[in-house]
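Listed below are the residues making up each chain.
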Amino acid sequence: MIRSLMKAVTLAGCLMAAAAPAAFAQNLLIHGGTIYTGDPAQPTAEQVIVRDGRIVSVGAETAVAGPADMRVIDLKGATLFPGFTDGHAHLDGIGWREMTLNLEGSTSVVEAMQRLSDWARAHPEGVIVGRGWIETHWPEKRFLTAADLDAAAPGRIVLLSRADGHAVAVSGAALAAAKVDATTLAPSGGEILKDASGQPTGLLVDGAMVLVEPLTPQADAAATRAAYRAGFGVYARYGWTGVHFMSAPWKDVPLLETMARDGEAPLRVYNSIDMGDARALMAGGPRDAGDGRVITRAIKFYADGALGSRGAKLFQPYSDRPDTSGLMLASREQVMPLYQEALRTGVQIATHAIGDQGNHDVAAWYEEALRSVPKSEWKLADPRWRIEHAQIIRPADYHYFDELPIIASMQPSHAIGDLHFAAERLGDARLDGAYAWHTLVDRGVIVVGGSDAPVERGDPLIEFYAAVARRDLNGFQGPDWRPNEAVDRATALKMFTLWPAYASFREDELGTIEVGKRADFTAFNIDLMTVPAADIPKGHAVLTVVDGQVVYRAD
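Caption draft 1: Geometry of the pairing of strand 21 (residues 521-524). In strand 21, alternate side chains face the same way, and those of Phe521 and Ala523 on one face and Thr522 and Phe524 on the other are all buried. Where strand 5 (residues 79-82) meets strand 21, four bridges bridge the pair, whose relative direction is antiparallel. By the bridge assignment, Leu80 is partnered in strand 21 with Ala523. Two strands pair when backbone bridges link them, and strand 21 and strand 22 (residues 541-546) are joined in this way by four bridges, in the antiparallel orientation. Its bridge partner lying in strand 22, Ala523 is registered against Leu543.

Caption draft 2: Representation of the packing of aromatic side chains. In the structure shown here, the tally under the stated rule is 17 aromatic pairs. Ring geometry for Tyr36 and Phe81: centres 5.3 Å apart, planes at 10 degrees, overall stacked. Residue Tyr36 is located in strand 1 (residues 28-36), and its partner Phe81 is located in strand 5; the two are separated by 45 residues in the primary sequence. Among the residues examined, Tyr36 registers a relative accessible area of 13% and is labelled buried. For Phe81, a relative accessible area of 0% puts it in the buried group.

Caption draft 3: Spatial organisation of the packing of helix 15 (residues 460-469) against helix 16 (residues 489-496). Here helix 15 crosses helix 16 at 140 degrees, and the two axes come no closer than 9 Å. Considered as vectors, helix 15 and helix 16 are oriented oblique to each other. At the point where helix 15 passes helix 16, the crossing takes the right-handed sense. Seen from helix 15, the contacting residues are Glu463, Phe464, Ala467 and Val468; seen from helix 16, they are Arg489, Ala492, Leu493, Met495 and Phe496. The residue makeup of the contact of helix 15 with helix 16, split by class, is seven nonpolar, no polar and two charged.

Caption draft 4: Structural context of helix 9 (residues 332-345). With 14 residues, helix 9 ought to run about 20 Å at 1.5 Å a step, and its terminal C-alpha atoms sit 20 Å apart, in line with that. For helix 9, the complete set of buried residues consists of Val335, Met336, Leu338, Tyr339, Ala342, Leu343 and Thr345. Considering only its buried residues, helix 9 is in contact with helix 8 (278-284), strand 16 (294-302), strand 17 (348-353) and helix 10 (356-372). Downstream of helix 9 by a residue or two, Gly346 has a phi angle that is positive, lying close to 75 degrees.

Caption draft 5: Focus on helix 10. A rise of 1.5 Å per residue sets the reference length of helix 10, with its 17 residues, at 24 Å; its end C-alpha atoms lie 24 Å apart and thus fit the reference within 8%. Among the 17 residues of helix 10, 13 are classified as buried, and the element is accordingly described as predominantly covered.

Caption draft 6: Structural detail: the environment of His420. Note on placement: His420 falls in the loop between helix 12 (412-418) and helix 13 (422-426). His420 gets classed as partly exposed once you look at its relative accessible area, which sits at 29%. The contact partners of His420, leaving out residues within four places of it in the chain, are His137, Asp472 and Phe476. A polar atom in the side chain of His420 sits 2.9 Å from the side chain of Asp472.

Conventions used here
- Residues numbered from 1 in each chain as written.
- Predicted model: local features only at pLDDT ≥ 70, side-chain atom pairs only at ≥ 80, totals over all residues.
- Heavy atoms only, no water.
- Buried < 20%, exposed > 50% of the residue type's maximum accessible area, 1.4 Å probe, protein only.
- Helix = DSSP H or I, 4+ residues; strand = E, 2+ residues; numbered from the N terminus.
- Pairing = 2+ DSSP bridges.
- Phe/Tyr/Trp six-rings, centres within 6.5 Å; stacked < 30°, edge-to-face > 60°.
- Axes fitted to C-alpha atoms, helices over the stretch in contact; angles between N-to-C directions.
- Parallel < 35°, antiparallel > 145°, perpendicular 65-115°, else oblique.
- Left-handed = near helix turned anticlockwise from the far one by under 90°.
- Contact = heavy atoms within 4.5 Å.
- Nonpolar A, V, L, I, M, F, W, Y, C, P; charged D, E, K, R; others polar.
- Expected span 1.5 Å × (residues − 1).
- Polar contact = N/O pair within 3.5 Å; in protein donor to acceptor, adjacent residues only side chain to side chain.

Structure below.
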């Protein structure tokens, strides 16, 4: 995946995006609003008391007096929840999005190219990198091309990743610098889009993106650290207390651990490193730093591409492009030895799969690996393997998820964005297994909620809304969008609290507000459990607490 890096970004600009250091407060008394505990034995409370970063009391407001040196926080009518955790995001990309050309929300080719022109004028030297465009909402209904980029930034090397990170639009200068022309063959697992005359259009899909990776500027250590600070700042303000960092660069793990020990990691980070460094992690085993603030114990694999760029691998061709059924980015022969070794070393497996064949193949590989290694050789009796996205599943393959079992790590906002084009890509019949949160939960499957930011915005309220409403932000759903796959609010709460804790082996410490657990809380200015669904995305976080430390508080 193209990482949006830019040497021209100044350190000062990075620091402005980061949250200011929060005052540490281990002893807290929080009251003044409804507290949803996530504990079925005591669903709500009026007061919670924290001592030394742990919850010591949950109950009525007058039940227990707090410690003498406690800090009292009045919610003033806001609602408190267990700490929200983004179960699938790219922390580095979230930070870099704040510091490079951001095309998120662009409404047309014209607007996206205007942003590029403005950026090029403001940054007259160097390679231009950016991310966030997505053509499915544009009136032009087409991908960006080299011609578009050349007109907006003449002569410049430009690399603009699609929002999903599975395709990149590059300029003519970039194609020339990378020596990509009509004779260039696409690498395995990739596609070079070409026009009627056989010339590259400028769009490289999945494995073909490696052709321009050497053109991507590399960030120095200071800028990388600043990017993570920026990502932490954005996510603390949104109300996240933790993030499952997918495709975490192995080289950045020591930096994140240092930040945790130095008090610069305000949120919990659960790292799933890229498969290229799988053996490095398995050689040393799972690791943690900062009293569990940064944990690295999973490996992220990619089985196929994305639906929007038609890289997701389907059993049958795409309904709107019958000449392709997508791309497999990995094979059984590549992954099986690593899957088997992971069982023996206690490392968790998380594999990206979006298309119905991609999901089937990964589930079948999991089954083979789990059965081929004797349980006596497993490091963990419960390995808790995950499929990331689990987006399009044949109903005939649901059984893998509850029988093996497999954790389904899904991003609700994908469904409310994809609803505008998924029916065209898939046809109606394949929608029966698309974004099937409710069906999987009914089968007893753990469904972890995430955002996939910076693919999506990364706002927990948008994700919660998408899960319970299954409508876009304008309220649109469409007649064929399987409204029965929406979940109730209690389930949605688990998707972003208890179930991410389970998926990171920490349900005994996190995920609910109970005595003895770590004091991770998220407060919003709205009551997610009672407000009309349409009002959920209009709210905002007012308080973020991690280990009893207030890492964000609204004015």
